[in-house]
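Residue-level structure breakdown
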Amino acid sequence: TTPDAEGRTPMMLAAQHQKIQALLKFFHMSSNRRETDKSKKTVVHHLCQMHNLLNEQELLANIKLFAESVDLNARDDSGKTAFFYLLGSNNKVSC
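What counts and how
- Residues numbered from 1 in each chain as written.
- Predicted model: local features only at pLDDT ≥ 70, side-chain atom pairs only at ≥ 80, totals over all residues.
- Heavy atoms only, no water.
- Helix = DSSP H or I, 4+ residues; strand = E, 2+ residues; numbered from the N terminus.
- Buried < 20%, exposed > 50% of the residue type's maximum accessible area, 1.4 Å probe, protein only.
- Lys, Arg positive; Asp, Glu negative; His and termini not counted.
- Salt bridge = Lys/Arg side-chain N within 4 Å of Asp/Glu carboxyl O.
- Polar contact = N/O pair within 3.5 Å; in protein donor to acceptor, adjacent residues only side chain to side chain.
- Contact = heavy atoms within 4.5 Å.
- Core = buried A, V, L, I, M, F, W, Y, C linked by side-chain atoms within 4.5 Å.
- Phe/Tyr/Trp six-rings, centres within 6.5 Å; stacked < 30°, edge-to-face > 60°.

1. A few points about the side chain of D37
Within the secondary structure, D37 sits in the loop between α2 (20–29) and α3 (43–49). The side chain of D37 is buried and forms no salt bridge, while R8, the nearest opposite charge, is found at 5.8 Å. Side chain to side chain, D37 and S39 meet in a polar contact 2.9 Å long. Every residue in contact with D37, bar those within four places of it in the chain, is listed here: E6, G7, R8, M12 and H46.

Take a look at the structure:
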């Protein structure tokens, strides 16, 4: 699970590209789910940034899956939590 030049792990890339089955596979294989990329984003940051491309149930189920493994209050290098991205712009998720 070598990160790319931006520090994104395969799990983060799967989240970015809405490859949910791959994301789940990497989740179960990974021993360090708290990793951050170079901009301090967790896999949940990446998942929440893709909220407009995923259906609500799928998105919330994956956030719940990560809730015990990732600090949901973690802030990226802009000071934003994952939920900022989820709720920040014309979202369709009803929390």
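2. Quick notes on the nonpolar core
By size, the foremost hydrophobic cluster in this structure holds 19 residues, and its most contacted members are L23, V43, V44, L47, C48 and F66. Where this core is concerned, the elements lending two or more residues are α1 (10–16), α2, α3, α4 (56–67) and α5 (82–87). Non-local contacts of L23, meaning those with residues more than four positions away in its chain, are made with M11, A14, A15, V43, L47, N62 and F66.

3. Observations regarding the packing of aromatic side chains
Here the structure, examined in full by the defined rule, presents two aromatic pairs. A centroid spacing of 4.8 Å and a plane angle of 80 degrees characterise the contact between F27 and F66, whose relative ring orientation is edge-to-face. Of the two residues, F27 is situated in helix α2 and F66 in helix α4; the sequence distance between them amounts to 39 residues. Each member of the pair, F27 together with F66, is buried. Summarising the aromatic geometry, the rings of F84 and Y85 are spaced 5.7 Å apart at their centres and angled 85 degrees between planes, so their arrangement reads as edge-to-face. Taking relative accessible area as the criterion, F84 reaches 42% and is therefore assigned partly exposed.

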